[in-house]
Structures are given as C-alpha cells and as structure tokens.
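Coordinate inspection notes
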Amino acid sequence: MSNALERAYALLEDITPLTTDCGAVCDGRCCRESADSEGMLLFPGEEALLAGTDFTIRPADGGLLLTCGGGCDRRKRPLACRMFPLFPVLTEEGRVKAVYDPRGYRMCPLVRECAHVPLNRDFVRAVRRAGRVLTTDPACAAFLRLQSEEIAELNRLLKLEEERPPIARRKIR
Ligand code: SF4
Ligand code: SF4
C-alpha cells in the first residue's frame, strides 16, 4: 500500500471546498450523479485503502473505476471525491497546481461559478499538497501526468483558468 496515498487521504480527510456544506446548495449533486455515472477513476494502489467497503471496483480504460450507490462512509471516500471539484495537475515544469476539474463543469456549480464563488483556501492548499505528496509515488506521478494531459486538453476549450484560479483572495469566513 502506498504511503503517499495514505498521506494524501489524511490531508483531505476533513477539509471541504467551502467552509459551509456546498452540498446544501446543489443537494449533493456529485454524489447523486455518481450513483448513475461510469464511476471515479482510482489512483494506482488506492483499491487497497478501500478494502472492506461496499464500493464496486472494476477494471476500465486508464485503471480501476469505482462506483458507489450515492452514499458512503466519508472516512472511506476515494481521492477523486476528496479533491473534487479540483484536481492537482502536474505542469510541464514538474510543479503541482490545484485547478478546477473541467470534467466537473456540467455537474458542479462551484466549477461553473468559479469566477464568483471563491473556494476555501485551506482546501485548495490541501489539494495542492496532496498532489505534491502523490508525485513521490512513481505510479501515482504517472497517473497524475496522464490526468493532467486530459485536463489540459479540456481546458483548451473551457478556459477555466482564465476565469479565476481556485484560490480565494481573502479567507472565506
Ligand atoms: S456538485 Fe460541487 S457544489 Fe455540489 S456537493 Fe459536489 S462539490 Fe459541492
Ligand atoms: S463515493 Fe461517497 S463521496 Fe464519492 S460520490 Fe460516492 S457517495 Fe459521494
């Protein structure tokens, strides 16, 4: 089991995108829709951390896909859910940046309204830190690189980076 994965889990254990419950605004749309979706891609080795849960995990293009019933034990949620709606991309210079995940555009109001609704700074930092920790595991670093390429490709169309980077200028109270 990857120590980097465990550290990334811990960094994102309690922190949330807003200091209030963002699910109260959208009725927890990411969880509701995930129950009908193809699922969340797991980081390499992550399945070992999820042993004993009720999730369904199956092989797919690019790795293992997890599906849930729309509810889970938060302490056992996968990394994709801990980081959503951000993702730690690896830049060509080898730096890690937390960016809005364009794959969440349709689902998540925080992505669509990124120009108007700043995120919790501590959450943004935790996603970035988790990304840095994950780069210390070669398999996770390779996975981050592939995902980063996919995100960059989508962002060429959506241009979310031009709207607003995901860090609040002032701390949200
Ligand atoms: S869809 Fe976005 S706003 Fe709604 S609960 Fe998920 S992360 Fe929060
Ligand atoms: S695994 Fe949990 S946090 Fe992730 S989408 Fe399903 S219910 Fe929501």
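Residues numbered from 1 in each chain as written. Chains lettered and ligands numbered in written order. Predicted model: local features only at pLDDT ≥ 70, side-chain atom pairs only at ≥ 80, totals over all residues. Heavy atoms only, no water.

Turning our attention to the sheet that holds strand 1 (residues 40–41). Here we have three strands laid out as an open sheet, ordered 1-3-2, and antiparallel in their pairing. Each having just a single partner strand, strand 1 and strand 2 (56–60) make up the two edges of the open sheet. (Pairing = 2+ DSSP bridges. Helix = DSSP H or I, 4+ residues; strand = E, 2+ residues; numbered from the N terminus.)

One pass over the structure, following the stated rule, counts nine salt bridges. Between Asp 73 and Arg 75 there is a salt bridge; the shortest N-O distance is 3.1 Å. Close ionic contact of Asp 122 with Arg 125 constitutes a salt bridge, the shortest N to O distance being 3.8 Å. A residue pair is termed a helical-turn pair when its members lie 3 or 4 positions apart in one helix, as Asp 122 and Arg 125 do in helix 6 (residues 121–134) at three residues. Taking the relative accessible area as the measure of exposure, Asp 122 reaches 29% and is therefore partly exposed. (Salt bridge = Lys/Arg side-chain N within 4 Å of Asp/Glu carboxyl O. Buried < 20%, exposed > 50% of the residue type's maximum accessible area, 1.4 Å probe, protein only.)

Once that is clear, we can look at the site of ligand 2. Taken together, Cys 31, Ser 34, Met 40, Phe 55, Cys 68, Gly 70, Gly 71, Cys 72, Pro 78 and Cys 81 make up the full set of residues adjacent to ligand 2. Of the residues in the shell around ligand 2, the class split is seven nonpolar, three polar and no charged. (Near = heavy atom within 4 Å. Nonpolar A, V, L, I, M, F, W, Y, C, P; charged D, E, K, R; others polar.)

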